[in-house]
Amino acid sequence: MWAGAQSWCWCWCSVVLLVCAPPLEALPLVHPSAATPQWLDLSHPLDNTSHHWPGFLGFNLTLMINGSVTPDVWAALHNFASSEHTGTHMDAPIHVGRDGTWSVDQIPADRLVGHAAMIDIADRCQADPDSILTTDDLAEWRKQHGQFVYPTILLVRTGQAAHRDNINRYLGLPEGYQFQEDGFSFSPHELPPLRFPGIGKAAADELAADDAVVGVGVDCLSLDQSANLRLEAHHALFARNKFGLENVADLSRVPATGATVMALPMKIRGGTGGPARILVRLPEEGSQS
Ligand SMILES: [Zn+2]
């Protein structure tokens, strides 16, 4: 049954290709040139080392088929299981925003592609993991680049992405600490001694009130700094239907302004978030403001 349906599908696809495909010589030629846009992929690959809040389900891939399924057909596929919030992912407003805020499938498409604004506080965060994004950082960015323009996705570089492969450095755990999954908790008494930077409440309040900003991303485990277990940055932003991006990859090549960002989460119906492919298109040379 399955193999029959597959053959039918391939057969039909072949017919469509034969009918619709232009002759090869008619295809436009692509010339690599200095004007070719450069793209950055800001998603860490998902695997069983992908980061997540303690107690959440990590990313698990199970091989289901890898070989001949009939004498004529070879196929490979995996199943996977994961928290919505493992690895590079989007937090939908409903994650902590309660009723009336968007689930991940409800976020309008025109808010998933926007102007990339980047604020780099990596020097401060790497010297002191308790650092936060402040309203002074926002004021300094505006002084240099003007107001945020709708739709802006603000990316905050803490430098933590560089420690992606060292869980203790990434989570801010003491050297030699044996990280163990002891169940989900927001109690400081039950959590491992996490220590990583994030977005301060005052800055989050200011971003939440700015209609030009549609989402905020960080290159560390959570929008909120590890000590802020009340999740004040999450609450401020999500109550205004802004989304979050967490565990974003290396932001060091993203300019402060001028780039375009696409943040495309898995479209889980009713989802509180989902794994996301985050792409940045760098501005062409000479066009950066
Ligand atoms: Zn999340």
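Predicted model, so just to flag it, every value in this text is computed and none were measured. Per chain, residues are indexed from 1 in the order of the written sequence. At least 70 in pLDDT is required for a residue's local features to be given in this predicted model, at least 80 for side-chain atom pairs to be given and counted, and no such filter applies to totals for whole chains, interfaces and linings, which use all residues.

### Observations concerning the overall build of the protein
To keep things clear, this is the line we draw: Helix and strand assignments follow DSSP, with helices taken as H or I runs no shorter than four residues and strands as E runs no shorter than two, numbered in order from the N terminus. With C-beta atoms placed from the backbone, the exposure class of a residue follows from how many other C-beta atoms lie within 10 Å of its own: 20 or more, buried; 12 or fewer, exposed; in between, partly exposed. Contact criterion: two residues are in contact if their C-beta atoms, reconstructed from the backbone, are within 7 Å.
Counting its regular elements, the protein contains seven helices and 12 strands. Split into buried and exposed, the 289 residues of the protein put 34% on the buried side. In the protein, of all internal contacts separated by at least 6 residues, the share reaching a separation of at least 24 is 75%.

### Regarding helix α6 (residues 201-209)
For clarity, the threshold we go by: Note that the arc is computed from the directions linking the helix axis to the C-beta atoms.
Listing the buried residues of α6 in full gives A203, A204 and L207. Angularly, the buried residues of α6 cover 100 degrees about the axis, an arc narrow enough to put them on a single face. Looking at the buried positions of α6, the neighbouring elements they touch are β6 (132-133), α4 (135-145), β7 (152-157), β8 (198-199), β9 (213-218) and α7 (232-238).

### Examining unusual backbone geometry
Across the junction of Y150 and P151, the peptide omega takes the value -10 degrees, indicating a cis bond. Here P151 shows up in the loop between α4 and β7. The phi dihedral of N241 is positive, around 60 degrees, even though this residue is not glycine. Tracing the backbone shows N241 in the loop between α7 and β10 (243-246). You will see that N247, though not glycine, has its phi angle at about 55 degrees, which is positive. With respect to the secondary-structure elements, N247 resides in the loop between β10 and β11 (259-265).

### Details of the confidence of the model for the protein
Spelled out, the test is: A residue's pLDDT is the confidence the predictor assigns to it, expressed on a 0 to 100 scale.
Looking at the protein as a whole, the pLDDT averages 89, with 86% of positions reaching at least 70. A low-confidence stretch, residues 1-24 (pLDDT under 50), is modelled with five contacts involving residues beyond four sequence positions or located in other chains.

### Regarding α4
Judged by how many residues are buried, α4 sits mostly at the surface: one of 11 residues are covered. With its phi angle positive at about 90 degrees, G146 sits one or two positions after the end of α4.

### Concerning the packing of α4 against α6
Going by this rule: Geometry is summarised by axes, namely lines fitted to C-alpha atoms with helices restricted to the contacting stretch, and by angles between N-to-C directions that run from 0 to 180 degrees. If an angle is under 35 degrees, it is roughly parallel; if it is over 145, roughly antiparallel; if it lies from 65 to 115, roughly perpendicular; otherwise it is oblique. Following the grouping adopted for this structure description, the nonpolar residues are Ala, Val, Leu, Ile, Met, Phe, Trp, Tyr, Cys and Pro, the charged ones are Asp, Glu, Lys and Arg, and the polar ones are all others, Gly among them.
Direction vectors running N to C along α4 and α6 enclose 45 degrees, while the axes themselves pass 8 Å from each other. As far as their axial angle goes, α6 and α4 are oblique. Along its contact with α4, which presents T135, D137 and L138, the element α6 presents A202, A203 and E206. Here the contact of α4 with α6 is built from residues that sort into three nonpolar, one polar and two charged.

### Describing the environment of L251
Positionally, L251 belongs in the loop between β10 and β11. Along the primary structure L251 and D41 are separated by 210 residues, whereas in three dimensions their C-alpha atoms are 9.8 Å apart. Beyond its immediate stretch of four places on either side in the chain, L251 contacts L42, M118, L155, R157, A161 and D219.

### As for the environment of L223
Checked against the element boundaries, L223 lands in the loop between β9 and α7. Take L223: there are 27 C-beta atoms within 10 Å of it, and that puts it in the buried class. Non-local contacts of L223, meaning those with residues more than four positions away in its chain, are made with G198, I199, V216, V218, A233, H234, G244 and E246.

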